[in-house]
Amino acid sequence: MKIKVCKSCDACKTVYRRFGCGYEHGFANGGTRYCAVRDELIKPENAACEKFRKKKREKFDLSPQRFDEVDKAVIFLLEHLKDS
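Description of the structure in this document.

### Digging into the overall build of the protein chain
Here's step 1: A tally of helices and strands in the protein chain yields one helix and three strands.
Here's step 2: The secondary structure elements of the protein chain, listed N-terminal to C-terminal, are β-β-β-α.
Here's step 3: Counting all 84 residues of the protein chain, 17% fall into the buried class.
Here's step 4: Taking the contacts inside the protein chain whose residues are at least 6 apart along the sequence as the reference set, 38% of them involve residues at least 24 apart.
Here's step 5: As presented, the protein chain carries roughly 7800 Å² of accessible surface, and 56% of it is formed by carbon and sulfur atoms.

Below is the structure:
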């Protein structure tokens, strides 16, 4: 069983900070998180919340019908890209 801390809560999101300027820039995790339940920035050093929500897993559509649609779309693109 997971410990109910902010890091494993579905309402808690990582805040990334931009560093650098011009063409040489990037993003870094500064250790700050945003809690959507409390609507505030937090430092999650094993912080716990009474409104903990279990993370939801994304479900992907891997049905044969979906792959048939993708195959048709790829063939369509290949045919039209040959003309250009």
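### Let's talk about the pattern of salt bridges
Here's step 1: Under the criterion given, the structure shown has three salt bridges.
Here's step 2: The closest approach of N and O atoms between aspartate 10 and lysine 13, which form a salt bridge, is 3.9 Å.
Here's step 3: The class of aspartate 10 is buried, set by a relative accessible area of 18%.
Here's step 4: Given the relative accessible area of 44%, lysine 13 is considered partly exposed.
Here's step 5: The salt bridge partner of arginine 66 is glutamate 69, with a shortest N-O separation of 3.2 Å. Of this pair, arginine 66 and glutamate 69 both sit in helix α1 (residues 64-83), three residues apart, which is roughly one turn of the helix.

### Let's talk about empty space enclosed by the protein
Here's step 1: Scanning the entire structure with this criterion turns up one cavity of 30 Å³ or more.
Here's step 2: For the largest cavity, the calculated volume is near 60 Å³.

The rules behind each value
- Residues numbered from 1 in each chain as written.
- Predicted model: local features only at pLDDT ≥ 70, side-chain atom pairs only at ≥ 80, totals over all residues.
- Heavy atoms only, no water.
- Helix = DSSP H or I, 4+ residues; strand = E, 2+ residues; numbered from the N terminus.
- Buried < 20%, exposed > 50% of the residue type's maximum accessible area, 1.4 Å probe, protein only.
- Contact = heavy atoms within 4.5 Å.
- Areas by Shrake-Rupley, 256 points an atom, 1.4 Å probe, with all protein chains shown as cover.
- Salt bridge = Lys/Arg side-chain N within 4 Å of Asp/Glu carboxyl O.
- 1 Å grid on protein atoms, 1.4 Å probe; cavity = no way out; pocket = protein on both sides within 12 Å on 5 of 7 lines; lining within 4 Å.
- Points joined across faces, edges and corners; volume = space filled by probe spheres on them.

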